[in-house]
Amino acid sequence: MAQRPRTINEAARTMLECAACEGVELAWERLEAMQPQCGFGKLGVCCTICAMGPCRIDPFGMGPQEGVCGATAATIVARNLARKIASGCSAHSDHGRTVAHALLLAAEHPESGYRIKDERKLRRLAEEFGIAHEGRSAEAVAKELAEACLGEFGKLHGELVMAQRAPEPRKAIWRELGIMPGAIDREVVQLLHQTNMGVDADAKNLLLSGMRCALADGWGGSMIATDLQDVLFGSPKPLRTRTNLGVLKEDHVNVIVHGHEPVLSDMLAEASRDPEILAKAREVGAQGIQLAGICCTGNEVLMRRGIPPAGSFLHQELAVLTGAVDAMVVDVQCWMPGLTRLAQLFHTRFITTSPKAKHPGVEHIEFEEQRAYEIAKTILLRAIEAFPKRDPAKINIPKHEVDVIAGFTAEYVYTLLGGKYRPSYRPLNDAIIAGRIRGVAGVVGCENPHLTQGWGHVEMMKELIRNDVLVVATGCSALAAAREGLLTPEAAFIHGGRGLAEVCEAVGMPPVLHVGSCVDNSRILIACCEILKEGGLGSDISDLPVAGAAPEWMSEKAITIGFYVVASGIFTIFGQPQPVMGSPEVRDLMCRQFEEIVGGYYAFEADPVKAAQLMIAHMNKKREALKLRPMMYEPAAEMTMASE
Ligand code: SF4
Ligand code: MSK
């Protein structure tokens, strides 16, 4: 049987060949060594919640159908899934909390190096939180806003402030179902309690609580992270840069920032221009400092500072293999412990920075917001020290880099489509109503060595834009699209349908809009609210011709994102199934009954073109319900089946 290619990306292929020649083991080899993987785990029917277990349900009905306590497959599957939702919500929300702390610091200690960069957004948020701001200094307002946001994590009563942004019919559904989120931390705690041994054994009840916890992420923790980052680091505006491993420079000190939280990486970007640091770099023979990003920290500094992304999740080891990375600096989430051993084969300084994320044998330079600039300089000095230790024989930077336009936000769409003097969502709504644009798809999420890297994202996006669907992308999905040239206006003429291409040409935008990092999926929710407010496309998010997808997901955070997107009323497709296939009851709830309950529901489809067709069919269904005009132009009927 022909082997499935590991990647669709040319630069990644070059590095994988290099790894094979050197006999270096990467995630793909570790995955092979792991075969066969546990089928019970994959199906979600393994329970380790108490010490009477571990228990497992026989999916073929030949063995035990209940755990020692009597829990059925449905209970076990739903409980396991709920725990993943709680974990994903914790990760995003803790990120939001870190940013709120940084905002507080900027307000109270400007000498920390943090500044308020978007005062207009600060004052808009203050108004939303009921904080008086007129005639008050930005710092005074920021202090109160930061405290109010921190209060959202543990408040005793009431609903989340940002969840009030949802349209009224949506909030009515959440209240009716009892899934309107309250304090963020409490939702996580309650869900973990509910999944203890001997608490909730009702799969539907567990998944509804899972939705409430996920909503506390999407309309709470993640939204706080996104909005406060805009206040602190500046609201992104589209900018052009380059991406892929070719952005690393042989004659520069290359520093990779990887993870999710921009509180350190933004400071590294600032410090990389410090004359003292640049002089030190020149002393060791380098021309300067090249900062490059991986994963969502990369997205954050890409969209605000134009720092080029070297790659996405599965590029992290490949970047080290170039032999030209002088320091790999990680904060939290998505960095592989395998980097530790790999970095030791090279001169690369692998540096952890968060008290929450360490690894034995790895240099740890703890990041403290109060000394952010000083710490950023220390880290850069470590990279400069490493530069002369490079082994020239090991340097192999693939010459691949392409143009990328990144940094769209829900707010920027106003200006993008309506122009500076008439900012409005009207042109977008009109294009949808007139049948020039079929709908909007959010394609997001990770990469996974189980699949050919980038294949799911890129094939799905091509099929969507070919059918006049505007795509918004975040996380590693956006980075995969960037590498294959989909984040340029020209991509609309090469791959887009005629209607979408006309709109892209009129405003000069790419057919796939980069809207940020994983926490920035909250921007997609806000864009849906803005479309509804503009009018003509229904009254609830579930009325809109929109859909979501995570074709190559791997993280628990993706499950949480999926749940808040579905609970917001959006049809969502995951490539690999979530670990629920061991319970037909849970699968039926998610893939069918959820539509009745919350308007959004799931499908699992590994073929990205088939998945795109399901999304298109869903959009057509919504267009019909809204009695919109037929599409102006239908693409050629043939459906190219994606084949790996
Ligand atoms: Fe087994 Fe029940 Fe304990 Fe899970 S909670 S390990 S199913 S006894
Ligand atoms: S970084 S969560 S691999 S998208 Fe946000 Fe990429 Fe997934 Fe991490």
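Refer to the structure above for everything that follows.
Note that the structure is a prediction, hence the values are computed from the model and not measured.

1. Considerations on the side chain of Lys-171
As for its position among the elements, Lys-171 is in helix H7 (residues 168-177). A distance of 2.9 Å separates a polar side-chain atom of Lys-171 from the backbone oxygen of Gln-164. Residues within four places of Lys-171 in sequence aside, it is in contact with Ala-163, Gln-164, Ala-166 and Met-180.

2. Remarks on the site of ligand 1
As a structural note, the neighbourhood of ligand 1 is formed by Cys-47, Ile-49, Cys-50, Met-52, Gly-53, Cys-55, Gly-67, Val-68, Cys-69, Ile-76, Arg-79 and Met-197. Taking a 2 Å distance to the grid points as the criterion, the majority of the atoms of ligand 1 fall inside the second largest cavity. When grouped by side-chain class, the residues that make up the shell around ligand 1 number nine nonpolar, two polar and one charged.

3. Re the environment of Arg-56
For Arg-56, the position within the fold is in strand S2 (residues 55-56). Overall, the relative accessible area of 47% leaves Arg-56 in the partly exposed class. For Arg-56, the residues in contact, after removing those within four places along its chain, are Phe-40, Val-45, Cys-46 and Pro-64.

4. Quick notes on empty space enclosed by the protein
Inspection of the entire model under this criterion finds four cavities of 30 Å³ or more. The space that makes up the largest cavity amounts to roughly 410 Å³. As for the largest cavity, its lining consists of 35 residues, and the residues nearest its centre are Val-440, Ala-441, Gly-442, Val-472 and Ile-524. Only helix H16 (412-418), strand S11 (439-443), strand S12 (469-473), helix H22 (521-534), strand S14 (546-550), helix H23 (556-567) and strand S15 (571-574) provide two or more residues apiece to the lining of the largest cavity. Broken down by element, the lining of the largest cavity gets its largest block of residues, seven residues, from H22. The residue inventory of the lining of the largest cavity, partitioned by class, reads 28 nonpolar, six polar and one charged. Contributing to the lining of the second largest cavity are 14 residues, with Cys-47, Cys-50, Cys-55, Cys-69 and Arg-79 lying nearest its centre. For the lining of the second largest cavity, the class distribution of residues is 10 nonpolar, three polar and one charged.

5. Digging into the packing of helix H12 (residues 295-305) against helix H19 (residues 475-483)
Axis separation between H12 and H19 bottoms out at 9 Å; the angle between their running directions is 70 degrees. The orientation of H12 with respect to H19, classified from their angle, is roughly perpendicular. Seen from above, H12 lies across H19 with left-handed handedness. Where H12 abuts H19, its residues Cys-295, Cys-296, Asn-299 and Leu-302 lie against Gly-475, Cys-476 and Leu-479. Class assignment for the residues of the contact of H12 with H19 results in five nonpolar, two polar and no charged.

6. Quick notes on the nonpolar core
Among the nonpolar cores identified, the biggest contains 180 residues, and Tyr-114, Trp-219, Leu-464, Phe-563, Met-590 and Phe-594 are the most heavily contacted of them. Ranked by residue count, the leading element in this core is helix H4 (residues 73-108), at 18 residues. Setting aside residues no more than four positions away along its own chain, Met-590 makes contact with Leu-81, Leu-207, Phe-563, Gln-578, Val-580, Tyr-601, Tyr-602 and Phe-604. Val-24, Ala-27, Leu-248 and Leu-342 belong to the second-largest nonpolar core, a separate cluster that totals 41 residues.

7. Observations concerning the environment of Ala-343
Looking at the element boundaries, Ala-343 is found in helix H14 (residues 338-344). For Ala-343, a relative accessible area of 6% corresponds to the buried category. Linking Ala-343 and Ile-173, residues 170 residues apart in sequence, is a C-alpha distance of 50 Å.

Parameters and conventions
- Residues numbered from 1 in each chain as written.
- Chains lettered and ligands numbered in written order.
- Predicted model: local features only at pLDDT ≥ 70, side-chain atom pairs only at ≥ 80, totals over all residues.
- Heavy atoms only, no water.
- Helix = DSSP H or I, 4+ residues; strand = E, 2+ residues; numbered from the N terminus.
- Polar contact = N/O pair within 3.5 Å; in protein donor to acceptor, adjacent residues only side chain to side chain.
- Contact = heavy atoms within 4.5 Å.
- Near = heavy atom within 4 Å.
- 1 Å grid on protein atoms, 1.4 Å probe; cavity = no way out; pocket = protein on both sides within 12 Å on 5 of 7 lines; lining within 4 Å.
- Sits in = over half its atoms within 2 Å of the grid points.
- Nonpolar A, V, L, I, M, F, W, Y, C, P; charged D, E, K, R; others polar.
- Buried < 20%, exposed > 50% of the residue type's maximum accessible area, 1.4 Å probe, protein only.
- Points joined across faces, edges and corners; volume = space filled by probe spheres on them.
- Axes fitted to C-alpha atoms, helices over the stretch in contact; angles between N-to-C directions.
- Parallel < 35°, antiparallel > 145°, perpendicular 65-115°, else oblique.
- Left-handed = near helix turned anticlockwise from the far one by under 90°.
- Core = buried A, V, L, I, M, F, W, Y, C linked by side-chain atoms within 4.5 Å.

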